[in-house]
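Now for the letters of each chain:
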Amino acid sequence: MPETQIVLGFDVSLNRLGVAIGNRITKDARPLVQINHADKSQRFAQIAALIDQWEPEALVVGNACAMWSAFTAVVPGLRGVYLPC
C-alpha cells in the first residue's frame, strides 16, 4: 500500500482542541474538527477515532512556550519533553 502522506495537526488550548489535516504530497492543509469535550477521556477517545479514521503518517502538536504550562496541565507526562519551557 502506498504511503498516505497524511498529517494530523493539533492546536491545544485550555478549553478546546483544534485539529487540522494536511497532505505532504499536495502541501495543503485544512481545519478538520474542533474538540470541545471538557472530560480528558472523551477528548482522547475522539483523537483516537480520528487517528483510526485517517491513519496519519505523522502527528503534529502545537506547543508554544506561552501555552506549554497549560498543555502540560492537561497532559502532565509531557512536561519538558518537546520544549525546555
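The structure displayed is predicted, hence computed values, not measured ones.

(A) Summary view of unusual backbone geometry. Positioned with a positive phi, K27 is a non-glycine residue whose angle comes to about 55°. Here K27 lies in the loop between β2 (17–23) and β3 (28–35). The residue E55 is not glycine, and still its phi comes out positive at about 45°. The residue E55 is located in the loop between α1 (40–54) and β4 (58–62) in this model.

(B) Inspection of the nonpolar core at higher detail. Counting residues in hydrophobic clusters, the biggest one holds 10 residues: I6, L8, F10, V12, L17, V19, I21, I35, I47 and L50. Going through the elements one at a time, β1 (6–12), β2 and α1 are the ones with two or more residues in this core. A total of four residues in this core trace back to one element, the largest contributor, which is β1. Once you skip the residues sitting within four places of it in the chain, L50 turns out to touch L8, V19, L32, V33, I35 and E55.

(C) Main features of the pairing of β1. Burial analysis of β1 places six of its seven residues in the buried class, which makes it a mostly covered element. Both β1 and β2 contribute to a ladder of seven bridges, which runs antiparallel. Bridging from a neighbouring strand, D11 pairs with G18 of β2. Linking β1 to β2, which pair antiparallel, is a turn of four residues. Pairing of β1 with β4 involves five bridges; the strand directions are parallel. Note on β4: the bridge partner recorded for D11 is G62.

(D) Spatial organisation of α1. Over its 15 residues, α1 runs 21 Å from end to end, which matches the ideal 21 Å to within 8%, given 1.5 Å per residue. Where α1 is concerned, the buried positions are R43, I47 and L50. What you see down the axis of α1 is that its buried residues fit within an arc of 60°, all on one side. Facing away from the buried side of α1, by more than 90 degrees, are the exposed residues D52 and Q53.

How each quantity is defined
Residues numbered from 1 in each chain as written. Predicted model: local features only at pLDDT ≥ 70, side-chain atom pairs only at ≥ 80, totals over all residues. Heavy atoms only, no water. Helix = DSSP H or I, 4+ residues; strand = E, 2+ residues; numbered from the N terminus. Core = buried A, V, L, I, M, F, W, Y, C linked by side-chain atoms within 4.5 Å. Buried < 20%, exposed > 50% of the residue type's maximum accessible area, 1.4 Å probe, protein only. Contact = heavy atoms within 4.5 Å. Pairing = 2+ DSSP bridges. Expected span 1.5 Å × (residues − 1). Arc of directions from axis to C-beta.

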